Amino acid sequence: MSANIKIVGNLLYYRYMNPAIVAPDAFDIIEISAGGQLTTEQRRNLGSVAKMLQHAASNKMFLGDNAHLNPINEYLSSSNQKFRRFFLAACDVHSLEEKFNVDQYSDLVTVTKPVIYISIGEIINTHTLLLDHQDAIAPEHNDPIHELLEDLGEVPTVESLIGENPLPPDDPNKDLMGKTEVSLTLTNKFDVPGEANTEMDAKTLLLNTKRLIVDVIRFQPGETLTEILDSTASPEQVKNTCDVVEINYFSL
């Protein structure tokens, strides 16, 4: 937990707090007349404030060359506890399922696939992180993510994703290409395709049946599937299920 708090603290402080303190004019925090700017003394004072907060956030005491500031170390220590409580509170967020209103059945009943917008550089970074930490993300050997990563293979280069010839490592165009944004439609690799043959039609029918059952499960409680299907649905449950089925299957 301590390591996680440190990561969150670094992100919040250096990404959001520190820039606004040392350069408030750049973020429209203060009003400056046209052509005006902060004085050197003002910049220096803001830098001192930022340095103090940096030490408090990281629980770093003034020592060595800054020994003359030792009297405020006690203040820094107490302030660090306030920062720590703030960082802990920042970690207390809704789960992804609650935030985006999804559950384990959502993908089965979603007709319109979600689309994300992501840069080439972000794709490569995400790929790298998944490969580096796949054992932590999916410790179970039979987790489908391992099969997906195996299909993806090694981390690609920017040029290979763009479709360009390899560039020298120091070529400035690499950074520009890495910022290229693409849209990706998220699809489930394990979805059963609807081919026009008997076997695929049977699988498609099975998949559609599963989706209909999922719709029923969402509104009709029960310990087992048999209990749910054997129980009598209330008028409200019937209406809710019919509404969902109509939206998902008959609005195309």
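Keep in mind it's a predicted model, so treat the numbers as computed, not measured.

Visitor: Give me the lowdown on the overall build of the protein chain, citing residues and values where you can.
Guide: A count of helical and extended segments in the protein chain gives 13 helices and two strands. Considering the protein chain as a whole, with its 252 residues, one finds that 20% of them fall into the buried category. When contacts within the protein chain are restricted to residue pairs at least 6 apart in sequence, long-range pairs at least 24 apart make up 55% of them. As presented, the protein chain carries roughly 18600 Å² of accessible surface, and 56% of it is formed by carbon and sulfur atoms.

Visitor: Give a detailed account of the nonpolar core, specifying residues and quantitative values.
Guide: Grouped together as the largest cluster of nonpolar side chains are eleven residues: Ile 5, Leu 12, Tyr 13, Ile 21, Ala 50, Ala 56, Ala 57, Phe 62, Leu 76, Phe 83 and Phe 87. Ranked by residues supplied to this core, first place goes to helix α1 (residues 2-22) with four residues. Residues contacting Tyr 13, with those up to four places away along its chain left out, are Asn 18, Pro 19, Ala 50, Leu 53, Gln 54 and Ala 57.

Visitor: Pulling in residues and values, what's your account of helix α6 (residues 120-132)?
Guide: In this model, α6 (13 residues) spans 18 Å end to end at C-alpha, consistent with the 18 Å of a helix rising 1.5 Å per residue. Turning to α6, its buried residues number three or more, namely Ile 120, Gly 121, Ile 124 and His 127. Along the axis of α6, the buried residues cluster in a sector spanning 130°; they form a single face. On its buried face, α6 sits against β1 (115-119), α8 (144-152), α9 (158-162), α10 (173-178) and β2 (181-185).

Visitor: Run through a nonpolar patch on the surface, naming residues and quoting values.
Guide: A cluster of nonpolar side chains, Phe 27, Ile 29, Ile 30 and Ile 32, forms an exposed patch at the surface whose accessible area comes to about 340 Å². Tracing the backbone through its elements, the reader meets Phe 27 in the loop between α1 and α2 (40-58). On the basis of relative accessibility, which here comes to 48%, the residue Phe 27 falls in the partly exposed class.

Visitor: Got a sec to walk through α8? Specific residues and values, please.
Guide: Of the residues that open α8, the one with a side-chain oxygen 3.0 Å from the backbone nitrogen of Ile 145 is Asp 143. Residue Gly 153 follows α8 closely and has a positive phi angle near 80°.

Visitor: Break down the environment of Ser 78 for me, citing the residues and quoting the values.
Guide: Structurally, Ser 78 can be placed in helix α3 (residues 73-91). Through-space distance from the C-alpha of Ser 78 to that of Asn 59 is 9.0 Å; in sequence the pair is 19 residues apart.

Visitor: Tell me about the packing of aromatic side chains, and please be specific about residues and values.
Guide: Summed over all chains, the structure comprises three aromatic pairs. A connected cluster of aromatic rings, assembled from ring pairs, spans Phe 83, Phe 86 and Phe 87.

Visitor: Give me the pattern of salt bridges: which residues, what numbers.
Guide: Going through the model one piece at a time under the given rule, you end up with one salt bridge. The salt bridge involving Arg 43 is made with Asp 25; its shortest N-O contact spans 2.8 Å. In this pair, Arg 43 sits in helix α2 while Asp 25 sits in the loop between α1 and α2, placing the two residues 18 residues apart along the sequence. On the accessibility criterion, Arg 43 (33% relative accessible area) is partly exposed. A residue is classified by how much of its surface remains accessible, and Asp 25, at 25% relative accessible area, is partly exposed.

Parameters and conventions
- Residues numbered from 1 in each chain as written.
- Predicted model: local features only at pLDDT ≥ 70, side-chain atom pairs only at ≥ 80, totals over all residues.
- Heavy atoms only, no water.
- Helix = DSSP H or I, 4+ residues; strand = E, 2+ residues; numbered from the N terminus.
- Buried < 20%, exposed > 50% of the residue type's maximum accessible area, 1.4 Å probe, protein only.
- Contact = heavy atoms within 4.5 Å.
- Areas by Shrake-Rupley, 256 points an atom, 1.4 Å probe, with all protein chains shown as cover.
- Core = buried A, V, L, I, M, F, W, Y, C linked by side-chain atoms within 4.5 Å.
- Expected span 1.5 Å × (residues − 1).
- Arc of directions from axis to C-beta.
- Patch = residues over 30% accessible without salt bridge, like charges linked within 9 Å, V, L, I, M, F, W, Y side chains within 5 Å.
- Salt bridge = Lys/Arg side-chain N within 4 Å of Asp/Glu carboxyl O.
- Polar contact = N/O pair within 3.5 Å; in protein donor to acceptor, adjacent residues only side chain to side chain.
- Phe/Tyr/Trp six-rings, centres within 6.5 Å; stacked < 30°, edge-to-face > 60°.

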